[in-house]
Amino acid sequence: MLSMNTASPSGLTASLKCRSYTMTRKPQPSLRVMCNSLNGSTIAYPASVPDAKRRETEKALVAERDPTRVLTLGERMRFGRLLKDRFAYKESFVVRSFEVGSNKAATMETMLNLILETSYNHAQSWGWAKEGEFPTLPSMDKYRLSWANYQMHVEMNKYPAWGDVVEIEHWCEAEGKIAGRFDYIIKLLSTNEVIGRATSKWVMINKDTHKPQKINKQVWDEYLAFCSKPSRLAFPEENDKNLKKIPKLNDPAQYSQLGLVPRRSDLNMNGHVNSVTCFSFLLESVPEDIINNYELGSITIDYRQHFQFDDSLDSYTSSEVERIALNGLSDCSCLLDFNPNDGKLRQFLHSLKLSRTGQETNRGRTTWRRH
């Protein structure tokens, strides 16, 4: 990425007097020209958009990158692009036959994989990626850091069918001062209908110790240079269900599936069991009646600890019971099993634990709607 400022002469103004008033035209803000080293495209926008720190950081990042890098065949074939503001990215995917279930619609596992793929490709479009590795900022390589997902929340209004084309928009946010937040909007490309939204939260871990590490100023400034300005969220904050803490599942759980063992094919490039497999294991203990008669509407997953392919895991599920006020009267309430619409909606809590120690690796919440 190459940046260049074209400044207007300071103090230059143009005045136009007309009868009883004077119209003063202020100097136009300078334009900041961004050149994408990947495809050579240029974009100009007011220099007031990024602050001085952002410009300084981006100049440092330019020096870290290879401006002569040639697009790979995979990058040329990819249906993805940075948007005009260069902080958001969109990519389109065709739903293939092996990505749908018996109902001929894409599964939640498929949507999770496409969401993560969009994130990685967005970072690649900035020139972060190294061959055979997950994308990282230049300073992350310097300090031996990598991203680790600690929470994912996805809501699907409906699922695309085999042959449908979905478009996923992705952008980055700061989550306080210690984490990154990646947001997504999922559309059917043929109708431009929003069919889903997602948000995920990520922390930095040390590649050598695999433990969370505080983000230092250099890394944080580099990350903020690529965050959306102004801030935007996939879910309105007041309706953000993933902000609701997932409670601990009480023993004994209503349903369980014991002795689940990951396969070697479930490992990602970091040697950890991938996050989509963790989600699949959580659902292994969902009762068959729910699987057959309900559709998964939303998921929230907390990632608490990595596990390896030779670990044995136990999956637990229980219905979540919540006090729901009737007619808005706090003194008139009843306990319902998330069944306010004659059984059309159900909600469950999930837990995944190591069989050997009982230590919890994942915690989840799912909502289901009747077919």
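Every chain's residues receive numbers from 1 upward, in the order its sequence appears when written. Local features in this predicted model are restricted to residues whose pLDDT is 70 or higher, and side-chain atom pairs enter the listing and the counts only when it is 80 or higher, whereas totals over whole chains, interfaces and linings include all residues. Each side-chain value is worked out from all heavy atoms of the structure, with water and hydrogens disregarded.

The chain has the name Acyl-[acyl-carrier-protein] hydrolase in an unreviewed UniProt entry, where Rhynchospora pubera is given as its organism. UniProt positions are given in the numbering used here, feature names are shortened, and annotations may be inferred rather than shown by experiment. The UniProt entry for the chain carries the following text under Subcellular location (unreviewed entry): "Plastid, Chloroplast". Listed in UniProt under the heading Sequence similarities (unreviewed entry), the comment for the chain reads: "Belongs to the acyl-ACP thioesterase family."

**Some details on the overall build of the chain**
By definition, any uninterrupted DSSP run of H or I lasting at least four residues is a helix, any uninterrupted run of E lasting at least two residues is a strand, and each is numbered from the N terminus. The number of helices and strands found in the chain is 7 helices and 18 strands. By the burial criterion, 45% of the 371 residues in the chain qualify as buried. Partitioning the intrachain contacts of the chain with sequence separation of at least 6 by distance along the chain shows that 71% fall at a separation of at least 24. Where accessible areas are quoted, they stem from the Shrake-Rupley method and a 1.4 Å probe; at the residue level, only the protein chains shown are allowed to cover. Of the accessible surface of the chain, which amounts to about 20100 Å², a share of 53% is contributed by carbon and sulfur atoms. Classification of residues uses two cut-offs on accessible area relative to the type maximum, computed with a 1.4 Å probe and protein chains only: under 20% is buried, over 50% is exposed, and between them is partly exposed. Any pair of residues with heavy atoms lying within 4.5 Å of one another is described as a contacting pair.

**Section: the packing of aromatic side chains**
In this scheme Phe, Tyr and Trp rings, the latter by its six-membered ring, pair at centre separations within 6.5 Å, and the angle between planes marks the pair as stacked below 30 degrees, edge-to-face above 60, and tilted otherwise. Taken as a whole and judged by the stated rule, the model has 4 aromatic pairs. Among the aromatic residues, ring-to-ring pairing joins Trp147, Phe182, Trp202, Trp220 and Tyr223 into one connected group. Comment: the charge-over-ring label is applied if NZ (Lys) or CZ (Arg) is within 6 Å of the ring centre and within 35 degrees of the ring normal. Directly above the aromatic system of Trp171 lies the positively charged group of Arg232, at a separation of 3.6 Å from the ring centroid.

**Structural notes on the side chain of Glu155**
Topologically, Glu155 is positioned in strand 8 (residues 145-156). Of the residues examined, Glu155 reaches a relative accessible area of 18% and is grouped as buried. Nitrogen and oxygen atoms within 3.5 Å of one another constitute a polar contact, given that in protein one can donate a hydrogen and the other can accept it, and given that sequence-neighbouring residues count only through two side-chain atoms. Side-chain polar atoms of Glu155 contact the side chain of His153, separated by 2.9 Å.

**Examining the side chain of Asn274**
Looking at where Asn274 falls in the secondary structure, it is placed in the loop between strand 12 (255-260) and helix 6 (275-283). At 2.8 Å, the side chain of Asn274 forms a polar contact with the backbone oxygen of Asp266. Within the structure, Asn274 has its side chain in polar contact with the backbone nitrogen of Thr277 (distance 2.8 Å). Excluding its chain neighbours within four sequence positions, the residues that come into contact with Asn274 are Asp266 and Asn268.

**Points about the pairing of strand 18 (residues 360-370)**
Buried residues dominate strand 18, accounting for 8 of its 11 residues. Note: strand 13 (residues 294-303) against strand 18, 9 bridges, orientation antiparallel. If you follow Ile301 over to strand 18, its bridge partner there is Gly364. Should DSSP find at least two bridges between two strands, the strands are regarded as paired. Taken together, the 9 bridges between strand 17 (residues 345-354) and strand 18 define a ladder with antiparallel strand orientation. Following the sheet pairing, Leu345 is matched in strand 18 by Arg369. The antiparallel pairing of strand 17 with strand 18 creates a hairpin that spans 5 residues between the two strands, and Gly358 there sits at a positive phi of about 75 degrees.

**A look at helix 3 (residues 108-125)**
The first and last C-alpha atoms of helix 3 sit 26 Å apart over 18 residues, in line with the 26 Å expected at 1.5 Å per residue. With 14 of 18 residues buried, helix 3 is to be regarded as a mostly interior element. Expected span of a helix: the number of residues minus one, times 1.5 Å.

**What about the confidence of the model for the chain?**
Looking at the chain as a whole, its pLDDT mean stands at 76, while 68% of the residues score no less than 70. pLDDT under 50 marks residues 54-65. Its contacts with residues more than four places away, or in other chains, come to 27 contacts. Confidence scores labelled pLDDT are given residue by residue by the predictor and lie between 0 and 100. Confidence drops under pLDDT 50 across residues 323-341; counting only partners more than four residues distant or on other chains, this segment forms 26 contacts.

**Digging into the pattern of salt bridges**
Any Lys or Arg side-chain nitrogen found within 4 Å of a carboxyl oxygen on Asp or Glu counts as a salt bridge. Taken as a whole, this structure holds 16 salt bridges when the rule is applied. In this structure, Asp183 and Arg181 form a salt bridge, with 3.0 Å as the shortest nitrogen-oxygen distance. For Asp251, the salt bridge goes to Lys353, with nearest N and O atoms at 4.0 Å. On the criterion of sequence distance, the pair formed by Asp251 in the loop between helix 5 (217-224) and strand 12 and Lys353 in strand 17 is long-range, its members being 102 residues apart.

**Re the environment of His170**
Within the secondary structure layout, His170 lies in strand 9 (residues 165-175). The class for His170 is buried, based on a relative accessible area of 1%. In this structure the C-alpha to C-alpha distance between His170 and Glu91, which are 79 residues apart in sequence, comes to 8.6 Å. At a separation of 2.6 Å, a polar atom in the side chain of His170 contacts the side chain of His122.

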